[in-house]
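Chain residues, written in single-letter form:
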Amino acid sequence: MVSWKRTLTQDPTPLWHHNVVKYPLPDDIVVERDLPIPTADGTLLRADVYRPRDAADEQWPALVAVTPYGKNAGVDDYPIDFAALAASGTFVGDLELSEATSFEAPDPAYWVPRGYTVVVADMRGCFASDGRPRLLLGRAAADAAAVIEWTAEQSWCTGKVGLAGASYLATLQWYTAALAPPHLAAIAPWEGITDPCRDTLTHGGIPETRYSEFWYRAMHTGSKPASASLRRLTPWLLRRFPDRFRHVAAPPKLEDVTVPALVGASWSDQGPRNRGSVEGYTRIGSADKWLYTHGRKMWQTYYSPEALDVQRRFFDRFLKEEDNGFDTVPRVRLETRHDLRTYSERFEQDWPIPDTRYVPLYLDHGTSSLEPTVPDEPQSRRTFPVAGDELTFTTTFTEDTEITGHTALRLWVQAKDANDMDLFVGLKKLDSSGEDVWFEGHGGYEKGFVAHGWIRVSHRALDPEASTAYRPVLDYTKYWPLLPGQLVPVDIEIMPHSTFFEAGSTLVLVVTGHDLDDNPAVGHDRTVNKGFHIVHAGGDFDSHLLLPVVPARPPAALEGAAGGGNEGDAEQCGETPGLPNRAARFVAPDEMPIAWSALGRQRVGL
């Protein structure tokens with residue numbers, strides 16, 4: 001595929017770089033500590049408020065963050081040890097914060113001089129706030145709504161309140177905004193999950209154990225009597241009560257979120273937060289919403305001058321009502337990764353990218369390749385996952401090609417001597433010399449794959465209302481263990497990403513029964529695998545990878561960063577140049593059916 005003109009940006013961050021700098025809060029900012037905030041049941045939360053020192057009679061809009069990590073716990077007291085992260089092989093890059101910045105919260109030293117009051121409150125049962133910790137996010141959101149309304153009533157506030165923060169602080173924004181507090185005017189959730197069960201506690205039905213362990217510890221660093229651990233409950237609930245599992249940590253009603261939203265999403269966080277951020281942007285009911293994507297380090301990017309400026313312009317527009325042109329900014333800032341430190345960016349009007357072509361490439365065991373047509377004869381390949389066996393399939397691009405959006409994989413599988421199987425799949429990039437091209441991974445891991453996907457086969461049932469060809473969604477209310485000799489199709493959601501493949505570079509599909517990399521910060525240490533896995537392809541077994549290929553557009557179609565292409569360019573007789581065989585054809589999303597047989601229990605045997 002001939003690419004349109006791209007301007008490449010080189011991230012100057014050195015490899016294996018760790019540099020965290022803190023500086024004093026400026027003297028012209030005054031802090032009021034431990035202000036009591038009553039909640040609906042009378043429990044008192046306590047907040048710190050940051051305001052300009054010499055402006056007693058003025059009013060400002062406010063940014064609110066409600067945290068479990070300690071409202072006045074600075075860098076040295078974060079629930080994460082940056083030096084230990086570096087020692088483990090994950091690197092945060094450059095991070096410069098004031099000593100008053102709570103973990104993943106807005107930095108008062110940046111926001112107060114720019115005309116905002118910053119309010120940071122401890123969650124119920126944590127640090128200075130009264131009560132017992134609340135396990136359920138819906139209840140924590142009700143407390144956050146109380147903080148918003150209290151803030152709006154203060155003499156120093158204009159009545160316009162926004163929510164800000166990353167990760168868990170972003171997650172809480174989704175839940176709080178769905179309650180529609182009267183004085184909430186805008187939110188900026190940066191890399192926050194929208195469905196704890198799908199995004200963090202499990203991946204494809206496989207319990208996540210490492211990030212969940214950290215999250216549980218961090219959430220209870222300063223808590224009083226601890227709430228129950230979802231991390232410990234997850235495997236048991238999935239096995240015994242799959243129909244009740246999602247009620248423990250139900251997702252927010254995203255369609256009820258109607259305030260303006262600036263959503264941050266990262267391609268590098270292939271696991272805990274990537275899926276939820278994109279899902280949140282897509283489903284919220286806000287008429288005014290923007291998606292800012294990147295593929296770099298999380299904290300370094302969130303607190304970078306570039307990202308802060310975008311957040312400031314957004315809040316200036318909707319909290320200060322400034323006519324600053326933010327309304328005219330195209331809705332999606334798309335960052336496409338080329339390698340670990342190189343990316344290009346442009347703007348699009350929607351997500352998924354409107355012109356996206358979905359190209360099926362079929363698995364061929366005979367050549368270990370991805371082909372444009374199904375091999376004529378049935379094939380199978382056996383692996384022993386406990387020994388680390390992997391299957392790989394490749395396709396080499398003949399022209400520059402951009403893969404952006406949601407990828408899906410269908411496999412026909414069978415387990416020998418087992419009634420279940422855990423499958424881990426990933427996409428890799430090789431350069432024209434066959435060398436690995438790595439990307440940023442979760443937490444600053446610098447040997448990340450392009451994208452990841454997972455499935456526990458007993459949870460293969462699909463949700464017919466939520467699933468599409470390019471994005472299969474599992475129905476966690478079903479539990480279907482395999483029968484002896486049973487052969488079933490499974491559709492696997494691969495996390496969204498945007499990756500550029502130069503002519504001569506290769507995409508590799510990896511299928512295995514274990515985590516694909518050695519990232520210490522995210523993983524799955526409780527698999528059910530034993531015995532052999534068998535993957536079928538060819539003949540009646542249409543095992544295939546469905547790739548979201550973005551067609552090239554002439555530069556004129558991109559003027560003004562509008563992102564829309566010409567309709568004629570989008571057709572091109574259905575061919576997909578750039579793939580190794582020009583006979584490869586794209587299909588419309590509704591023409592590539594998911595494995596609808598997964599909606600009923602299959603009885604296919606050999």
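Residues numbered from 1 in each chain as written. Predicted model: local features only at pLDDT ≥ 70, side-chain atom pairs only at ≥ 80, totals over all residues. Heavy atoms only, no water.

1. Some details on the overall build of the protein chain
Here is step 1 of the chain: Along its length, the protein chain carries twelve helices and 27 strands.
Here is step 2 of the chain: Relative to its full complement of 606 residues, the protein chain shows a buried share of 63%.
Here is step 3 of the chain: Taking as baseline every contact in the protein chain between residues at least 6 positions apart, the subset at least 24 positions apart corresponds to 78%. (Helix = DSSP H or I, 4+ residues; strand = E, 2+ residues; numbered from the N terminus. Buried < 20%, exposed > 50% of the residue type's maximum accessible area, 1.4 Å probe, protein only. Contact = heavy atoms within 4.5 Å.)

2. What about the layout of surface pockets?
Here is step 1 of the chain: Its boundaries defined by the atoms lining it, the largest pocket holds a volume of some 630 Å³.
Here is step 2 of the chain: Lining the largest pocket are 31 residues, and of these Pro252, Leu254, Glu255, Glu279 and Arg283 sit closest to its centre.
Here is step 3 of the chain: Contributions of two or more residues to the lining of the largest pocket are made by helix H3 (137-152), helix H4 (168-178), helix H9 (274-283) and strand S24 (488-501).
Here is step 4 of the chain: At five residues, H9 tops the list of elements feeding residues into the lining of the largest pocket.
Here is step 5 of the chain: The residue inventory of the lining of the largest pocket, partitioned by class, reads 14 nonpolar, five polar and twelve charged. (1 Å grid on protein atoms, 1.4 Å probe; cavity = no way out; pocket = protein on both sides within 12 Å on 5 of 7 lines; lining within 4 Å. Points joined across faces, edges and corners; volume = space filled by probe spheres on them. Nonpolar A, V, L, I, M, F, W, Y, C, P; charged D, E, K, R; others polar.)

3. A look at the pairing of strand S7 (residues 117-122)
Side-chain positions along a regular strand alternate between the two faces of the sheet.
Here is step 1 of the chain: Among the six residues that make up S7, six are buried, leaving the element largely enclosed by the rest of the structure.
Here is step 2 of the chain: By the alternation rule, side chains of S7 split into Thr117, Val119 and Ala121 and Val118, Val120 and Asp122, which are all buried.
Here is step 3 of the chain: Inspection of the sheet shows strand S4 (residues 44-52) paired to S7 by four bridges, in the antiparallel sense. If you follow Asp48 over to S7, its bridge partner there is Val120. (Pairing = 2+ DSSP bridges.)

4. A look at the pattern of salt bridges
Here is step 1 of the chain: Counted by the stated rule, this structure contains 41 salt bridges.
Here is step 2 of the chain: Here Lys22 ties to Asp76 by a salt bridge, and the two come within 2.2 Å at their closest N and O atoms. Taken together, the residues Lys22 in strand S2 (residues 18-23) and Asp76 in the loop between strand S5 (60-67) and helix H1 (82-88) connect sequence positions 54 residues apart.
Here is step 3 of the chain: A residue is classified by how much of its surface remains accessible, and Lys22, at 44% relative accessible area, is partly exposed.
Here is step 4 of the chain: Asp76 gets classed as exposed once you look at its relative accessible area, which sits at 59%.
Here is step 5 of the chain: Look at the salt bridges and you will find they share partners, linking Asp199, Glu255, Arg275, Glu279, Arg283, Arg471 and Glu493 into a network. (Salt bridge = Lys/Arg side-chain N within 4 Å of Asp/Glu carboxyl O.)

5. Let's talk about the nonpolar core
Where a protein is soluble and globular, its nonpolar side chains tend to be buried together.
Here is step 1 of the chain: Core analysis: the biggest nonpolar cluster contains 104 residues, and Phe82, Tyr168, Trp299, Phe314, Phe315 and Trp351 have the highest contact counts within it.
Here is step 2 of the chain: Every residue in contact with Phe314, bar those within four places of it in the chain, is listed here: Ala186, Ile187, Ala188, Pro260, Ala261, Leu262, Trp290 and Phe326.
Here is step 3 of the chain: Core analysis: the next-biggest nonpolar cluster, separate from the first, contains 40 residues, Val359, Phe397, Leu462 and Leu482 among them. (Core = buried A, V, L, I, M, F, W, Y, C linked by side-chain atoms within 4.5 Å.)

6. Section: helix H11 (residues 305-319)
One turn of the α-helix equals 3.6 residues, which is why residues spaced by three or four share an orientation.
Here is step 1 of the chain: Taking 1.5 Å per residue, 15 residues should reach 21 Å; H11 reaches 20 Å between its end C-alpha atoms and fits that length.
Here is step 2 of the chain: Those residues of H11 that fall on the buried side of the exposure criterion are Ala307, Leu308, Val310, Gln311, Phe314, Phe315, Asp316, Phe318 and Leu319. (Expected span 1.5 Å × (residues − 1).)

7. Description of the environment of Tyr343
Here is step 1 of the chain: Among the secondary structure elements, Tyr343 is positioned in strand S15 (residues 342-348).
Here is step 2 of the chain: Residues Tyr343 and Arg296, 47 residues apart in the sequence, show an inter-C-alpha distance of 9.2 Å.
Here is step 3 of the chain: Leaving out residues up to four positions away in the same chain, Tyr343 has contacts with Thr7, Leu8, Thr9, Asp11, Arg296, Arg333, Glu335, Thr336, Arg337 and His338.

8. A few points about the environment of Glu58
Here is step 1 of the chain: Relative to the helices and strands, Glu58 is located in the loop between S4 and S5.
Here is step 2 of the chain: Once the C-alpha coordinates of Glu58 and Cys157 are considered, the two residues, 99 residues apart in sequence, prove to be 8.3 Å apart.
Here is step 3 of the chain: Glu58 has contacts with Ser155 and Trp156, leaving out every residue within four places of it along the chain.

9. Digging into H3
Here is step 1 of the chain: Spanning 16 residues, H3 covers 22 Å between terminal C-alpha atoms, matching the ideal 22 Å at 1.5 Å per step.
Here is step 2 of the chain: By the criterion of burial, H3 is predominantly enclosed, with 13 of the 16 residues buried.

10. Observations regarding the packing of aromatic side chains
Here is step 1 of the chain: Summed over the entire model, instances satisfying the criterion amount to 25 aromatic pairs.
Here is step 2 of the chain: Here the aromatic rings of Tyr78 and Phe103 are separated by 5.0 Å at their centres, their planes lie at 55 degrees, and the arrangement is tilted. Taken together, the residues Tyr78 in the loop between S5 and H1 and Phe103 in the loop between strand S6 (93-98) and helix H2 (108-111) connect sequence positions 25 residues apart.
Here is step 3 of the chain: Residue Tyr78 is classed as buried on the basis of its relative accessible area of 9%. (Phe/Tyr/Trp six-rings, centres within 6.5 Å; stacked < 30°, edge-to-face > 60°.)

11. Observations regarding the side chain of His452
Here is step 1 of the chain: Considering the arrangement of structural elements, one finds His452 in strand S23 (residues 451-456).
Here is step 2 of the chain: Excluding residues that lie within four positions of it along the chain, His452 makes contacts with Gln270, Val425, Gly426, Glu493, Ile494, Met495, Leu516 and Asp517.

12. Details of the pairing of strand S25 (residues 506-512)
Here is step 1 of the chain: In terms of residue burial, S25 counts as a mostly covered element, since seven of its seven residues are buried.
Here is step 2 of the chain: The alternating pattern of S25 places Thr506, Val508, Val510 and Thr512 and Leu507, Leu509 and Val511 on opposite faces, both of which are buried.
Here is step 3 of the chain: Relative to S25, strand S19 (residues 390-396) runs antiparallel, the two sharing seven bridges. The residue bridging Thr395 from the neighbouring strand is Leu507, located in S25.

13. Considering unusual backbone geometry
Here is step 1 of the chain: In this chain, Trp351 is followed by Pro352 through a cis amide linkage whose omega measures -10 degrees.
Here is step 2 of the chain: Located in the positive-phi region is Phe127, a residue other than glycine, with phi close to 50 degrees.
Here is step 3 of the chain: Inspection of the secondary structure puts Phe127 in the loop between S7 and H3.
Here is step 4 of the chain: Taking relative accessible area as the criterion, Phe127 reaches 32% and is therefore assigned partly exposed.
Here is step 5 of the chain: Its identity is not glycine, yet Ala180 carries a phi of approximately 55 degrees, on the positive side.
Here is step 6 of the chain: Among the structural elements, Ala180 can be located in the loop between H4 and strand S9 (184-190).

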